[in-house]
Amino acid sequence: MSQVQTQGPTAATRRIDALAAVMRYSTLGALVALLIFNVLFTRHFLAMQTLDVNLTQVAAIVIVGVGMTLVIATGGIDLSVGSLMAISGAIAPIIFLNKVFNIGEIHLAVAVAMIVAVLLAGAFGWFNGWLITRFRIQPIIATLVLFIAGRGIAQVMTNGNLQPFKLDAFQWIGLGRLFAITDVYRGLPIQVAIMIVLVVVAAWVLKRSLFGRQILAIGGNERAARLSGVPVAQVKRWVYCISGLCAGVAGLVVIAINSSSDANQVGLGMELDAIAAVAVGGTLLSGGRATITGTLIGALIIQLVRYTMLANGVPDDVAKLAKAALIVAAVWLQGQGRA
Amino acid sequence: MTASATSPSVSPLLSMRSVSKAFGGIPALSEASLEVAPGEVQALIGQNGAGKSTMIKILTGYIGRDKGEILFDGAPFEARSPQDAQNNGISTIYQEINLVPFRSVTENICLGRESRRYGLLDWQAMHEQARKLLARFKIDLDVRKPLLRFNTATQQMVAIARAIGFKAKLVIMDEPTSSLDEREVAVLFDVIRQLKAEGVSVVFVSHKLDELYAVCDRVTIMRDGRTVKTADMASIGKLELVASMLGRDIAQVAKSATAFGDRRGRIGDVVLTANSLAAGHKVHDVSFSVRRGEIAGFAGLLGAGRTETARLVFGADPLQSGALSLDGAAIHPREPIEAIKAGIGFSSEDRKLEGIVPEMSVAENLTLALMPQLARAGIVDDAKQRAIVEKFIQRLGVKCSGPDQKIRELSGGNQQKVLLARWLAMNPKLLILDEPTRGIDVGAKAEIQSLIKELADQGLAVLMISSELEEVLEGSDRVFVLREGRSVAEFSHAEATESAVMTAMAHGDSDLVAEGSAS
Amino acid sequence: MKKTSIASVLSSQGVLIALAALILFGWLRYDHFLGLFNITSVLRYNSMFALVSLGMCFVIMTGGIDLSVGATAALGSVVSALLSPYGTMAGTLGGVGAGLCIGLINGFVIVRLRILPFIATLAAMLAANGAALLLAGDQSVSVSYDSGFTDLGQGDFYNIPIPALIAAILYVVGSIVLNFTSSGRTVLAIGGNEDASRMMGLPVNRIKFLVYVVSGGLSGLAGVILASQFGAGQPIEGVGWELFAIASVVVGGTLLTGGLGSVGATLAGVMLLGLIFNVLNFENGMGFISLSAYWQSVIRGVFLLIVVILQSQLTGRAERVEAR
């Protein structure tokens, strides 16, 4: 009898596993298909510059997406990331432009500005986690508070004004390059390097560390996790804090690229892009199963779809429609894999 | 009872023939049949997983069937949804109360067949209708209040009132008495008899055999997705019922129902002492102790506070008053993690909701509580994990394709073994097992029982909660009886006879116990 | 027990108390606060948000969420502006129709494809935004001033702004639907316990589908009013409307987990959040302090925070009762 019971599910789940495999490879497959299509039909696609453009544009999304993946892995969501980017983007120039207090040494000022900006965003993220764990508020609502108020805080800090600057010491984070080879290769953009480091570290943490295991256990079955001694509240607060930190870094990258900080614009709609990347990447939106590399691939797919359409003369507005369809299709497929 | 019960000449109200259903290749029902005559109360019984609920869900249109034929009221019948079934005269009362807590009693009873006036809802008439229906159950309450204001038994009665109010021809009751007390059960039985007199048929699912003899005319027994026997209630003995459910011969059943066997002695010092624990509405004054090498059992009716007490010991719910000591030292666990660090393990009664993490592998589930110890500087030591996991898979005989198989793919019994291993791997001082054999098949059940015995023999202190009286009686070295949140009696293994424990559970009301066992 | 009942009163009546207090404060402090001009302009402007919030209220009561309302309103404004030369009726029907289309898509994706509401409507937000920009050619679309279309947003009926009148009528209808029709009660039942509602044989899928369609339609209508009030279809308007609407609904005491809610309190929530902006303007006009308009989103956020924390105390209690 128990024989039947142990073998039955195995046979049944083989189908699901097969579907899951198709799912996994379908994301990667889609990326490859997009690349092949572009190589064949999009002019200058193989040029270094094209790669550069695409990677640069995707970097901020992936940086935020890493934090978002962890949050979603616990079964939560963070809508406040865009606003936290705005806060980080607003506070940094205030400091390094010496608006509040004077720091003579410019490198010191930049360092202080970066650290304060990122930590502030992290603190707000921690606040999200505190709301969610202390008052048991649904994440979507708890983070809605800062989604609304956060951008307001950034606007109040800057009085809604644009803060233009030209400061290589700071803009290095958005415009700098590593490993440049004269005349051959302009080098790896710093923000892409940051993105790669974050992806590698986060993927490793999720797979191999105690913290990662706890995140997945909470997302998979929060009550079971608590009864097994997982410090649920603590882990969640950290996860939202990390999401805030990631948003803070992304905020710095974005203002560095723009050479200005506009609290009305920085990070606008970022929550959507990040969630879309996570969803397309194959992370379970209900939590418990997550893939950081998936998020990277997801972001690349979304970016490439848009790029492909733009490069082939399709208006940006239509590309938005395509992106919407892509998100729905990805999440729907995910649901099929589990049914 | 009336003569109409089994007379084959009356054409049946419901006839399900050779119905089959499989979920992802696993058969849940194979060629099952059920026939219900008009005005008949038919019992449907079987072990967990025998296919009762699948049968009911197919009948009520909650899921579709793969094969088979259903005739209702003389015509082929296929419910497309529970709503469709209801419109055709089949109402269902589910085991879990399926109502909407925030809404008023009236709404919970009348939603789906509202009274209207000028096209709008006529609240006056609806309140009146709800009051009238509840009056049949001798219940008088403010029907405007939200349902969540009332206790579980009242909510269950509201659910029953709702089902009956639908002018049903057939009412299906899936364990309707699990949250009712004796008085309420008696009222329910009155209502069932009244329904019967009105010509309404009832399919009655219950695990409480005495109840079947009290109200049912016929019984259909299911096992492994098949209907193995249908008989008149009057002509079948209790033992035979159990034997058919389990698929064993009568002599075997009569001898022993559990696999604990004999094991006495080698009981050591006290490990856990609980003194006058109290918290919330469920636990008022519970005291007990567990010793090394001992299985201490909690007996009690549903709602006696057994699980709630266990959760207090484990820090899963906050303790309001009382004292706990472990190995002589006072402990105050405020979170499970603190209890775990002190050396207590707790396996919840609800495996799916509070036990397994379905998306995770067997290995990850097994080491969930142990993980902090498996990690160095926050990094999980894979080799160490693997060694531990393989050891326990072998020791407990977990049937799985390997440590990396997802736990959701395992059978209930094997999942339970993994959860046991989760705690054993920690080498706890005290292991609390809440319904360790609930919802698993007979074979796995015996394995788990003998495993618990073995663990105690090796010196572990075990606190076991079970709703199956014989499991508590045969397995425990000492039995603590809880009633309405208080510990009312303590028995040694020898003293713990069925009648003594049951008397304590029912507050010494010997009449009631006698009546129950006489029928 | 005492404490939770205070929370319960604050949560159910709090919005009215706060609204009354704010109005009293404004009346005492500012000369023209209760003047005809201020009242009509506040009502006129906020009627768009009121419409969007009404739809959101029904969606949230089923336990769902609709993040696409802002973009849908923008799409509605563009479509109605494009059709405005053919008359008020054409413009209105076009805008509402566009909203209904988005609502239909939402309903289909959520009910049929079983995708989480926030993902589905997030995607719809993107799609509606793309469609609006596409139709508008990436710029504002001026409405026709000859066809009488602008009266809809700018006109008065016995001193009452027409948009406010429309919103008021729809709120009355909404309230009747919620309290006196089986569909309305089913909305609350689904939010209270979707599984149970299904088991009770209620038409869960149909009602869920309908609330998203209604939310889309009302958003489209809000877009029509937007276009006629400001004389242009605005494809990039509507950003953040969904949050305003959610905040209004929540501040009005509707439970975010669904199952409990009130149409009237939602309207009070809209007014409360709208008046905060108004009071800020007056305060700045007096010149003692100067709070930039940006403070309003901070203050809204704080309001939302307070209400959500109050609500969590309430639901915590309900959960405990349920778990027994």
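Residues numbered from 1 in each chain as written. Chains lettered and ligands numbered in written order. Predicted model: local features only at pLDDT ≥ 70, side-chain atom pairs only at ≥ 80, totals over all residues.

Focus on unusual backbone geometry
All names here are of chain B. As a reminder of what qualifies: Counting other C-beta atoms within 10 Å of each residue's C-beta, where C-beta atoms are placed from the backbone, gives the exposure class: buried for 20 or more, exposed for 12 or fewer, partly exposed between. The helix count covers DSSP runs of H or I at least four residues long, the strand count covers runs of E at least two residues long, and both are numbered beginning at the N terminus.
Phi is positive for Asp-73, close to 60 degrees, though the residue is something other than glycine. On the basis of neighbour counts, which here come to 15 C-beta atoms within 10 Å, the residue Asp-73 falls in the partly exposed class. A positive phi angle, near 55 degrees, is found at Asn-427, a position not held by glycine. Mapped onto the elements of the fold, Asn-427 is located in the loop between helix H16 (412-424) and strand S21 (430-434).

Side note on the nonpolar core
Note on soluble globular proteins: their nonpolar side chains tend to be buried together. Just so we agree on the cut-off: For our purposes the nonpolar core covers buried Ala, Val, Leu, Ile, Met, Phe, Trp, Tyr and Cys residues that link as a set through C-beta atoms within 7 Å. Placing a C-beta atom from the backbone of each residue, one calls two residues in contact when those atoms lie within 7 Å.
Counting residues in hydrophobic clusters, the biggest one holds 370 residues, and the most contacted among them are Val62(A), Ile63(A), Val64(A), Ile327(A), Val462(B), Val52(C) and Leu304(C). At 17 residues, helix H10 (residues 232-258) of chain A tops the list of elements feeding residues into this core. Beyond its immediate sequence surroundings of up to four residues, Val52(C) is in contact with Val69(C), Ala73(C), Leu218(C), Ser219(C), Ala222(C), Trp241(C) and Ala245(C).

With respect to the interface of chain A and chain C
Quick note on the threshold: Residues were grouped as follows: Ala, Val, Leu, Ile, Met, Phe, Trp, Tyr, Cys and Pro as nonpolar; Asp, Glu, Lys and Arg as charged; and all remaining residues, including Gly, as polar.
Between chain A and chain C, the residue contacts involve 35 residues of the former and 37 residues of the latter. Broken down by secondary-structure element, the contributors of at least two residues to the side of chain A that touches chain C are helix H5 (139-158), helix H11 (270-281) and helix H13 (316-338) of chain A. Looking at the side of chain A that touches chain C, the element that brings in the most residues is H5(A), giving 13 residues. Among the residues making up the side of chain A that touches chain C, the classes are represented as 24 nonpolar, six polar and five charged.

Quick look at the confidence of the model for chain A
Residues and elements named next belong to chain A. Rules: pLDDT gives the predictor's per-residue confidence on a scale running from 0 to 100.
Across chain A, pLDDT averages 86, with 92% of residues at or above 70. Of all the helices and strands in chain A, helix H1 (residues 2-41) carries the lowest mean pLDDT, 62, while H10 carries the highest, 96. This stretch, residues 1-13, has a pLDDT under 50; its non-local contacts, to residues over four places away or in other chains, come to 27 contacts.

Comments concerning the sheet that holds strand S12 (residues 226-232) of chain B
Residue and element names in this part refer to chain B. Our working rule: By the convention used here, strands pair only if DSSP detects at least 2 bridges between them. Only C-alpha atoms enter the line fits that serve as axes; for helices the fit covers just the stretch in contact. Angles between N-to-C directions range over 0 to 180 degrees.
Strand order in the open sheet formed by six strands is S6-S9-S10-S3-S11-S12, and the pairing between neighbours is mixed. At either margin of the open sheet sits one strand with a lone partner, and together these are strand S6 (90-93) and S12. Sheet twist, expressed as the average angle between the axes of neighbouring strands with direction ignored, equals 20 degrees. Taken strand by strand, helix H1 (residues 52-59) contacts strand S3 (41-46), S6, strand S9 (170-174), strand S10 (201-205) and strand S11 (218-223), and its axis lies near 145 degrees from that of S9. The strands touched by helix H6 (residues 182-197) are S3, S9 and S10; relative to S10, the strand with the most contacts, the crossing angle is about 145 degrees.

Regarding the packing of helix H3 (residues 81-96) of chain A against helix H4 (residues 106-134) of chain A
All names here are of chain A. Heads up, the rule is: Each angle gets one of four labels, with under 35 degrees taken as roughly parallel, over 145 as roughly antiparallel, 65 to 115 as roughly perpendicular, and the rest as oblique. Whether a crossing is left-handed or right-handed is set by the direction in which the near helix is turned from the far one by less than a right angle, anticlockwise for left-handed and clockwise for right-handed.
It is the contact of H3 with H4, at a shortest axis distance of 8 Å, that shows an interaxial angle of 155 degrees. Put simply, H3 runs roughly antiparallel to H4. Seen from above, H3 lies across H4 with right-handed handedness. Only Ala-109, Val-110, Val-112, Ala-113, Met-114, Val-116, Ala-117, Val-118, Leu-120, Ala-121, Phe-124 and Gly-125 of H4 make contact with H3, whose side of the interface consists of Leu-84, Ile-87, Ser-88, Ile-91, Ala-92, Ile-95 and Phe-96. Looking at the contact of H3 with H4 residue by residue, the classes come out as 17 nonpolar, two polar and no charged.

Considerations on the pairing of S11(B)
Residue and element names in this part refer to chain B. For S11, a buried count of five out of six residues is recorded, marking the element as mostly surrounded by other parts of the structure. The sheet contact formed by S3 and S11 spans five bridges and is parallel. Considered in S11, the bridge of Ile-45 is made with Ile-221.

A look at the packing of helix H2 (residues 48-73) of chain A against helix H7 (residues 190-208) of chain A
Residues and elements named next belong to chain A. For the pair H2 and H7, interaxial distance at closest approach is 9 Å and the crossing angle is 25 degrees. The angle between H2 and H7 falls in the class roughly parallel. Considering how the two elements wind past one another, H2 and H7 form a crossing that is left-handed. Two secondary-structure elements touch here, H2 through Leu-55, Thr-56, Ala-59, Val-62, Ile-63, Val-66 and Leu-70 and H7 through Gln-191, Val-192, Ile-194, Met-195, Leu-198, Val-199 and Ala-202. Of the residues belonging to the contact of H2 with H7, the class tally is twelve nonpolar, two polar and no charged.

Topic: helix H5 (residues 152-164) of chain B
Residues and elements named next belong to chain B. The condition is simple: A helix is expected to span 1.5 Å for every residue after the first.
Helix length check: H5, at 13 residues, gives a terminal C-alpha distance of 18 Å against a target of 18 Å (1.5 Å per residue), a fit within 8%. Burial within H5 is extensive, with ten of its 13 residues counted as buried. Every buried residue of H5 is listed here: Gln-155, Gln-156, Met-157, Val-158, Ala-159, Ile-160, Ala-161, Arg-162, Ala-163 and Ile-164. Buried residues along H5 sit in contact with S6, helix H3 (105-110), helix H4 (123-135), S9 and H6.

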